[in-house]
Amino acid sequence: MPRRALHIPYSSLWKSYTRPDNRSDEQVLKVEEQVLWKIKKLVAMLHEASLLVDDIQDNSKMRRGQPAAYLIYGISEVINIANLKYFEAGKIALELGTMTTAKNVDKSEASRIFHDWMIKLHQGRV
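Rules used throughout
- Here the residue numbers are simple positions, counted from 1 along each chain's written sequence.
- Local features in this predicted model are restricted to residues whose pLDDT is 70 or higher, and side-chain atom pairs enter the listing and the counts only when it is 80 or higher, whereas totals over whole chains, interfaces and linings include all residues.
- No hydrogens and no water enter the side-chain calculation; it runs on all heavy atoms of the structure.
- Secondary structure elements follow DSSP: runs of H or I of four or more residues count as helices, runs of E of two or more count as strands, with numbering from the N terminus.
- The length a helix should cover is 1.5 Å for every residue beyond the first.
- Here's how the labels work: a residue is buried when its accessible area is under 20% of the maximum for its type, exposed when over 50%, partly exposed in between, all with a 1.4 Å probe on protein chains only.
- Directions are taken from the helix axis to each C-beta atom, and the arc is the one they span.
- In this analysis, two residues are considered to be in contact whenever any of their non-hydrogen atoms come within 4.5 Å of each other.
- Stacked, tilted and edge-to-face pairs are distinguished by plane angle, under 30 degrees for stacked and over 60 for edge-to-face with tilted covering the rest, among Phe, Tyr and Trp rings (Trp via its six-membered ring) whose centres lie within 6.5 Å.
- The criterion is that NZ of a Lys, or CZ of an Arg, lies within 6 Å of the ring centre and within 35 degrees of the ring normal, and then a charge sits over that ring.

### Side note on helix 7 (residues 107-123)
Step number 1: Between the first and last C-alpha of helix 7 there are 24 Å, a value that for 17 residues agrees with the 24 Å anticipated at 1.5 Å per step.
Step number 2: What helix 7 keeps buried is the set Ala110, Phe114 and Met118. Down the axis of helix 7, the buried side of the element spans an arc of 65°, and every buried residue falls inside it. Away from its buried face by more than 90 degrees, helix 7 exposes Ser108 and Gln123.

### Details of the side chain of Asp55
Step number 1: Secondary-structure assignment places Asp55 in helix 4 (residues 33-58).
Step number 2: The buried category is assigned to Asp55, whose relative accessible area is 2%.
Step number 3: With near-sequence residues (within four places) excluded, Asp55 lies in contact with Ser60, Arg63, Ala68 and Tyr70.

### A few points about unusual backbone geometry
One can expect most non-glycine residues to show negative phi and most peptide bonds to be in trans.
Step number 1: Here the phi dihedral of Asn59 falls at roughly 55°; this positive angle occurs in a residue that is not glycine.
Step number 2: Examined against the element boundaries, Asn59 turns out to sit in the loop between helix 4 and strand 1 (62-63).
Step number 3: For Arg64, which is not a glycine, the phi torsion comes out positive at approximately 55°.
Step number 4: Its location among the elements puts Arg64 in the loop between strand 1 and strand 2 (66-67).
Step number 5: A relative accessible area of 36% means that Arg64 is categorised as partly exposed.

### A word on the packing of aromatic side chains
Step number 1: Tallied over the entire structure, the rule returns zero aromatic pairs.
Step number 2: Of note, Lys120 hangs over the ring of Trp117, and the distance from its end group to the ring centre comes to 4.7 Å.

Okay, here's the thing in structure tokens:
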């Protein structure tokens, strides 16, 4: 399967999020736009990947008014793309640890925080 095609099940779920209090994310998080973009990308990747897996686990037939991705692309392909997105998100966490604007968080700390949360998120499903 071509690399670009791997992302189709994931990209079909993409959704835009807005804050209910109308404050900008920059105001809330107090970070530069480049850091904020990476944080948003990381969170979105984890959320969307977890939805792909969740639909398989729950045998869901629909997601956001469309057939669940695994019904279209197959269980194996969807699990693979969800896992790929988890690893890509981990890479972004490491990148955040190297950015000077991410104060007091180095690569090892960024990795620890990311992995601790990944474990908590997956334990919640067990």
